[in-house]
Amino acid sequence: MLFSRRRWAVLISGRGSNLGALLDLRDGVDVALVVSSSPSAYGLLRARRAGVPTRVLPRPIDWPALDAELRALGVTHVFLAGFMRIVPETFVVAWENRLVNLHPSLLPKYPGLKSIERAFAADDDVGVTVHAVDAGVDTGPIVARRRSLNRPKGRGYSLELAELQVHIDEQRLVREVALKWSR
Ligand code: GRF
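Procedures and definitions
Residues numbered from 1 in each chain as written. Predicted model: local features only at pLDDT ≥ 70, side-chain atom pairs only at ≥ 80, totals over all residues. Heavy atoms only, no water. Buried < 20%, exposed > 50% of the residue type's maximum accessible area, 1.4 Å probe, protein only. Helix = DSSP H or I, 4+ residues; strand = E, 2+ residues; numbered from the N terminus. Pairing = 2+ DSSP bridges. Salt bridge = Lys/Arg side-chain N within 4 Å of Asp/Glu carboxyl O. Phe/Tyr/Trp six-rings, centres within 6.5 Å; stacked < 30°, edge-to-face > 60°. Near = heavy atom within 4 Å. Polar contact = N/O pair within 3.5 Å; in protein donor to acceptor, adjacent residues only side chain to side chain. Areas by Shrake-Rupley, 256 points an atom, 1.4 Å probe, with all protein chains shown as cover. Contact = heavy atoms within 4.5 Å.

Caption draft 1: Structural context of the pairing of strand β6 (residues 126-132). Most of β6 sits out of view: 7 of its 7 residues are buried. Where strand β5 (residues 99-103) and β6 come together, 4 bridges link them in antiparallel fashion. Considered in β6, the bridge of Asn 101 is made with His 131. The pairing of β6 with strand β7 (residues 142-149) spans 6 bridges and is classified as antiparallel. Note on β7: the bridge partner recorded for Val 128 is Arg 146.

Caption draft 2: Inspection of the pattern of salt bridges at higher detail. Under the defined criterion, the tally for this structure stands at 8 salt bridges. The residue Asp 67 makes a salt bridge to Arg 71 at a minimum N-O spacing of 2.9 Å. Note that Asp 67 and Arg 71 are positioned in helix α3 (residues 63-72) at a spacing of 4 residues, about one turn of the helix. Of the residues examined, Asp 67 reaches a relative accessible area of 17% and is grouped as buried. The class of Arg 71 is partly exposed, set by a relative accessible area of 40%.

Caption draft 3: Focus on the packing of aromatic side chains. Taken as a whole and judged by the stated rule, the model has 6 aromatic pairs. With a centroid separation of 6.3 Å and 15° between ring planes, the pair formed by Trp 8 and Trp 181 is classed as stacked. Of the two residues, Trp 8 is situated in strand β1 (residues 7-12) and Trp 181 in the segment after α6 (159-180); the sequence distance between them amounts to 173 residues. Since its relative accessible area comes to 0%, Trp 8 is described here as buried.

Caption draft 4: Representation of the site of the ligand. All residues adjacent to the ligand are Arg 15, Gly 16, Ser 17, Asn 18, Gly 82, Leu 102, Pro 104, His 167 and Glu 170. Between an oxygen atom of the ligand and a side-chain N or O atom of Arg 15, the distance comes to 2.5 Å. With respect to the ligand, the side chain of Glu 170 contributes an N or O atom lying 2.4 Å from an oxygen atom. For the ligand, whose accessible area on its own is 370 Å², the fraction buried by protein is 86%. Sorting the residues of the shell around the ligand by element identifies α1 (17-23) and α6 as the ones contributing at least two each.

Caption draft 5: The side chain of Asn 18, seen in detail. Take Asn 18: it is sitting in helix α1. The contacts of Asn 18, once residues within four sequence positions are left out, are Ala 81, Leu 102, Glu 170, Gln 171 and Val 174.

Caption draft 6: Examining the environment of Leu 159 more closely. Mapped onto the fold, Leu 159 is located in helix α6. The partly exposed category is assigned to Leu 159, whose relative accessible area is 21%. The residues contacting Leu 159, other than those within four sequence positions of it, are Ile 116, Glu 117 and Phe 120.

Right under this line is the structure:
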């Protein structure tokens, strides 16, 4: 049976471990383009190794040009996977319901930066969320969420352990969402 497949653009800024999780799915997920806000992002190497075309965004970012390029490539969905730039409202509206963001907390708690540190400092649960993007910062309808560690009680619990577990779970959640949305 033929499925109409989702065709993803993945936007990154750095290491790209979550991009790597998607690329590891190979034929399971169609990644048409990897877009980076930084020319030195390690994720660009991962993309090139996987044979996926890459783009480095100029400064200031030309959002209409990016929008046009994604459409020309037949991209249907956009994944913000560690993308550290603010996406303007015009782009958000243009890709409404087809633009998702990965965030390292159990949203709506701890939006913004240093989420794991803040949850840890508050002795709160840590986890991961993928949400549809709207005009706010880390707001928008939640697509999937995974609790990584419950409120810490045990000995040996540390910020490093929390971060490690969150990064493992981010990759699981990113794969889960992309696979679920791949047909
Ligand atoms: C992830 O922790 C993501 O949640 C955060 O930035 C990190 C990106 O990691 N916003 P990577 O570039 O995918 O390795």
